[in-house]
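# Examination of the molecular architecture
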Amino acid sequence: MPAAPSHDGTPIPVPVVPEAIALLRARRSLPLRSLVEPGPSDAEIDTLIALAARVPDHGRLVPWRFILLRGDARAAAGAELDALYLRQNPDLPAAKRDMWRAYLQRAPLTVIAVSRANPASKIPEFNQVLSAGAACMALIVAASALGYAAHWLLKWPGRDPQAAALLGVEAHERVAGFIHIGSPAEHVADRPRPSVGDVARDWFPTPKR
């Protein structure tokens with residue numbers, strides 16, 4: 001038998017937060033060229049990670065973790081990725097041989113969100129992967145709430161197992177995204193969004209014949 005509810009069915013008053021609604025409406029993904037210094041402070045990064053961890057997590061498995069690239073670590077990681085990319089692509093033009101170093105230095109902070117779903121758990125693996133995606137989105141919203149902008153990407157370093165391993169991702173893990181965070185340097189117009197009617201429908205029972 002399911003446990004009896006500890007309430008009498010009366011809803012608890014919860015305040016409406018118009019500022020949060022406005023933030024969600026105004027949030028945009030800025031291109032990397034528009035993410036500039038300063039980035040989040042150490043204390044703000046702790047806040048971002050703490051908020052990103054407050055996502056649905058069936059079974060309390062914590063099926064995600066975060067790798068931080070900031071400061072000089074960005075160039076060092078980029079140099080290792082460039083060396084690997086050149087080994088994989090020996091005919092790479094000289095002009096592209098430092099592209100990953102440049103990529104990782106564009107934003108002041110890059111958070112690598114790592115999905116570490118456990119297929120042996122009784123919790124479906126797909127649920128765990130979705131939780132990692134939720135953590136990415138929570139991180140982006142938290143960055144916006146602190147006055148920063150963010151961009152969620154998943155390029156070659158996150159898709160290639162060797163490249164991911166260079167960044168500290170283990171063999172049983174997958175990169176859910178590179179979340180690039182910095183101060184916004186421009187206003188970006190909103191892109192077309194789907195209407196509610198295009199993406200939501202009420203369910204009705206199948207008519208009986």
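All values reported here derive from a predicted model rather than from experimental measurement.

## Here's the deal with the nonpolar core
Leu 81, Tyr 103, Leu 104, Ile 112, Trp 156, Leu 167 and Phe 178 are the most contacted members of the largest nonpolar core, which totals 25 residues. Elements that contribute at least two residues to this core include exactly strand E2 (64-70), helix H3 (73-88), helix H4 (99-105), strand E3 (109-115), strand E4 (149-153), helix H7 (161-166) and strand E5 (174-184). In terms of residues, this core owes the most to one element, H3, which gives four residues. Here Leu 104 is in contact with Leu 69, Arg 74, Ala 77, Gly 78, Leu 81 and Phe 178, once residues within four sequence places are set aside.

## Some remarks on the packing of helix H2 (residues 42-52) against helix H5 (residues 125-145)
It is at 8 Å that the axes of H2 and H5 come closest, and there the two elements cross at 140 degrees. Relative to H5, the element H2 is oriented oblique. Regarding H2 and H5, the two cross each other, and that crossing is right-handed. Mapping the contact onto sequence places Leu 48, Leu 51 and Ala 52 in H2 and Ala 135, Ala 138, Leu 139, Ala 142 and Ala 143 in H5. For the contact of H2 with H5, the class distribution of residues is eight nonpolar, no polar and no charged.

## Considering the environment of Arg 27
Tracing the chain through its elements places Arg 27 in the loop between helix H1 (18-26) and strand E1 (35-36). For Arg 27, the contacting residues outside a window of four places in its chain are Met 137, Ile 140, Val 141, Ser 144 and Arg 193. A distance of 3.4 Å separates a polar atom in the side chain of Arg 27 from a polar atom in the side chain of Ser 29.

## Section: a nonpolar patch on the surface
Together, Phe 126, Val 129 and Leu 130 make up an exposed nonpolar region whose accessible area comes to about 300 Å². In this structure, Leu 130 sits in helix H5. Classification of Leu 130 by relative accessible area gives partly exposed; the value is 47%.

## Let's talk about H2
When H2 is considered as a whole, its buried residues turn out to be Ile 45, Leu 48 and Ala 52. Down the axis of H2, the sector holding all buried residues measures 60 degrees, keeping them to one side. Of the exposed residues in H2, those oriented more than 90 degrees away from the buried face are Ala 43 and Asp 46. Looking at the packing, one finds that the buried side of H2 touches E2, E3, H5 and E5.

## Focus on the side chain of Ser 121
Considering the arrangement of structural elements, one finds Ser 121 in the loop between E3 and H5. A polar contact is formed between the side chain of Ser 121 and the backbone nitrogen of Ile 123, at a distance of 3.0 Å. For Ser 121, the residues in contact, after removing those within four places along its chain, are Leu 61 and Gln 128.

Basis of the calculations
Residues numbered from 1 in each chain as written. Predicted model: local features only at pLDDT ≥ 70, side-chain atom pairs only at ≥ 80, totals over all residues. Heavy atoms only, no water. Core = buried A, V, L, I, M, F, W, Y, C linked by side-chain atoms within 4.5 Å. Buried < 20%, exposed > 50% of the residue type's maximum accessible area, 1.4 Å probe, protein only. Helix = DSSP H or I, 4+ residues; strand = E, 2+ residues; numbered from the N terminus. Contact = heavy atoms within 4.5 Å. Axes fitted to C-alpha atoms, helices over the stretch in contact; angles between N-to-C directions. Parallel < 35°, antiparallel > 145°, perpendicular 65-115°, else oblique. Left-handed = near helix turned anticlockwise from the far one by under 90°. Nonpolar A, V, L, I, M, F, W, Y, C, P; charged D, E, K, R; others polar. Polar contact = N/O pair within 3.5 Å; in protein donor to acceptor, adjacent residues only side chain to side chain. Patch = residues over 30% accessible without salt bridge, like charges linked within 9 Å, V, L, I, M, F, W, Y side chains within 5 Å. Areas by Shrake-Rupley, 256 points an atom, 1.4 Å probe, with all protein chains shown as cover. Salt bridge = Lys/Arg side-chain N within 4 Å of Asp/Glu carboxyl O. Arc of directions from axis to C-beta.

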